[in-house]
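Observations on chain architecture
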Amino acid sequence: MPIYAYRCRSCAAEFELLVRASDETAPACPECSSTDLSQRVSRVAPPGKAEGIFASARKQAAAEGHFSNYSKAEKSRIKM
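My aim in this report is to walk through the structure given alongside it, one point at a time. (Residues numbered from 1 in each chain as written. Predicted model: local features only at pLDDT ≥ 70, side-chain atom pairs only at ≥ 80, totals over all residues. Heavy atoms only, no water.)

A word on helix H1 (residues 49–63)
Compared with the 21 Å implied by 1.5 Å per residue over 15 residues, the 21 Å span of H1 between its first and last C-alpha is a close match. Positive backbone phi, at 90°, marks Gly65, one or two positions downstream of H1. (Helix = DSSP H or I, 4+ residues; strand = E, 2+ residues; numbered from the N terminus. Expected span 1.5 Å × (residues − 1).)

Structure (structure tokens):
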């Protein structure tokens, strides 16, 4: 189920919605309930960035003492 970004033409609100293929009704603006929406183009994360983000999060978790998201092999390599 993809998440789509929309902009309301009536009130200029910008929002994201999870849209199911089975939904038969048009999405509505959460601010004014208008269905006059334009779908926005969403930026996709550049390839190769996820590993850096995960490494940064793990480093921060290790600094805070949270090791539950590490495998045994990774835990043995952590410098404490």
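Considerations on the pairing of strand S1 (residues 3–8)
Both S1 and strand S2 (residues 14–18) contribute to a ladder of five bridges, which runs antiparallel. Bridge pairing in S2 places Tyr4 opposite Leu17. In sequence, S1 turns back onto S2 through a hairpin of five residues, with Ala12 there showing a positive phi of about 70°. Summarising the sheet, S1 and strand S3 (residues 37–40) pair through four bridges and their orientation is antiparallel. By the bridge assignment for S3, Tyr6 is matched with Gln39. (Pairing = 2+ DSSP bridges.)

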